[in-house]
Amino acid sequence: MTTAPERTDLFKELGLDVQNHATLGRVLGTGKIERASEGSDGRMQATIRINEDELMWDPSILVMPHGGDIDLELINDDKNTHCALLPSNGDRKFIWLVNHSRGRATLNLDGPGYYWFCSPTGNDEGRGLTGAIVVLGDAPPEARLDRPDQPQP
């Protein structure tokens, strides 16, 4: 479990608390933040769950150190049925999560940025069942805009 001071320190370390960097830390103000684990082959893994009676993803922010493939295990420990609509290059993934069930998804997120996921069942999103996967890193030179440097605050 991430305590409030640990969460603040981790946001600062990852650059999620600075304007024009990765301001996501200010957008999703609840839930935990965790890093995906990385195998020796560069493939990443993580577990995201819905705890009973909490109606939030745990963690609500998952950080990948770089773009690539990630294997997710999704666990619904709640008494209600939910689902997961996940981002992935080429096509989004949809996992139905009946009460007390689990599912697996393999995502490809090859570029840096924020990738949102949610449970669009019923009013889950409106009640807080939204999260984000943050992929760290810089855009490759061929993907950068050809414009002069912009002033930074």
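On a predicted model such as this, the values are computed, not experimentally measured, just so you know.

Looking at the overall build of the chain
Now for step 1: A tally of helices and strands in the chain yields two helices and eleven strands.
Now for step 2: Traced from its N-terminal end to its C-terminal end, the chain shows the element sequence α-α-β-β-β-β-β-β-β-β-β-β-β.
Now for step 3: For the chain, the residues scored as buried account for 40% of the 153 residues in total.
Now for step 4: Excluding contacts between residues fewer than 6 apart, the proportion of contacts in the chain whose partners are at least 24 apart in sequence is 59%.
Now for step 5: Accessible surface computed for the chain: about 8,800 Å², of which carbon and sulfur atoms make up 47%.

Considerations on the confidence of the model for the chain
Now for step 1: Overall, the prediction assigns the chain a mean pLDDT of 84, with 84% of residues at 70 or greater.
Now for step 2: Model confidence for the chain, summarised as mean pLDDT per element, is weakest for helix α2 (residues 24-27) at 48 and strongest for strand β3 (residues 44-50) at 97.
Now for step 3: Contacts of residues 22-26 to residues separated by more than four positions or lying in other chains number 18 contacts, the stretch itself having pLDDT below 50.

Observations concerning unusual backbone geometry
Now for step 1: Cis rather than trans, the peptide bond between D58 and P59 has omega equal to 5 degrees.
Now for step 2: With respect to the helices and strands, the residue P59 is situated in the loop between β4 (57-58) and β5 (61-64).
Now for step 3: Notably, D53 is not glycine yet its phi reads approximately 60 degrees, a positive angle.
Now for step 4: Tracing the backbone through its elements, the reader meets D53 in the loop between β3 and β4.
Now for step 5: The phi dihedral of H100 falls on the positive side, at around 55 degrees, and the residue is not glycine.
Now for step 6: In this fold, H100 is placed in the loop between β8 (93-97) and β9 (101-109).
Now for step 7: For H100, a relative accessible area of 53% corresponds to the exposed category.

Concerning the environment of M64
Now for step 1: Topologically, M64 is positioned in strand β5.
Now for step 2: The spacing of M64 and L136 is 72 residues in sequence and 6.2 Å in space, taken between C-alpha atoms.

Overview of the environment of G122
Now for step 1: Mapped onto the fold, G122 is located in the loop between β10 (113-118) and β11 (130-135).
Now for step 2: Along the chain, G122 and C83 lie 39 residues apart, while their C-alpha atoms are 10.0 Å from each other.

A word on the pattern of salt bridges
Now for step 1: All told, the structure shown has eight salt bridges when counted by the stated rule.
Now for step 2: Here R102 and E73 are joined by a salt bridge, their closest N and O atoms 2.4 Å apart. Here R102 is found in strand β9, whereas its partner E73 is found in strand β6 (residues 68-76), with 29 residues between them in sequence.

What to know about the packing of aromatic side chains
Now for step 1: This structure, assessed with the given rule, holds two aromatic pairs.
Now for step 2: Considering the side-chain rings of F94 and W96, the 6.1 Å spacing of their centres and the 25 degrees angle between planes classify their relative orientation as stacked.
Now for step 3: Classification of F94 as partly exposed rests on a relative accessible area of 48%.

Regarding the state of the cysteines
Now for step 1: Applying the stated rule across the entire model yields zero disulfides.
Now for step 2: There is no disulfide at C83, and the cysteine sulfur nearest it, in C118, is 7.0 Å away.
Now for step 3: Look at C118 and you get buried, because its relative accessible area is 9%.

Rules used in this analysis
Residues numbered from 1 in each chain as written. Predicted model: local features only at pLDDT ≥ 70, side-chain atom pairs only at ≥ 80, totals over all residues. Heavy atoms only, no water. Helix = DSSP H or I, 4+ residues; strand = E, 2+ residues; numbered from the N terminus. Buried < 20%, exposed > 50% of the residue type's maximum accessible area, 1.4 Å probe, protein only. Contact = heavy atoms within 4.5 Å. Areas by Shrake-Rupley, 256 points an atom, 1.4 Å probe, with all protein chains shown as cover. pLDDT = per-residue confidence, 0-100. Salt bridge = Lys/Arg side-chain N within 4 Å of Asp/Glu carboxyl O. Phe/Tyr/Trp six-rings, centres within 6.5 Å; stacked < 30°, edge-to-face > 60°. Disulfide = S-S within 2.5 Å.

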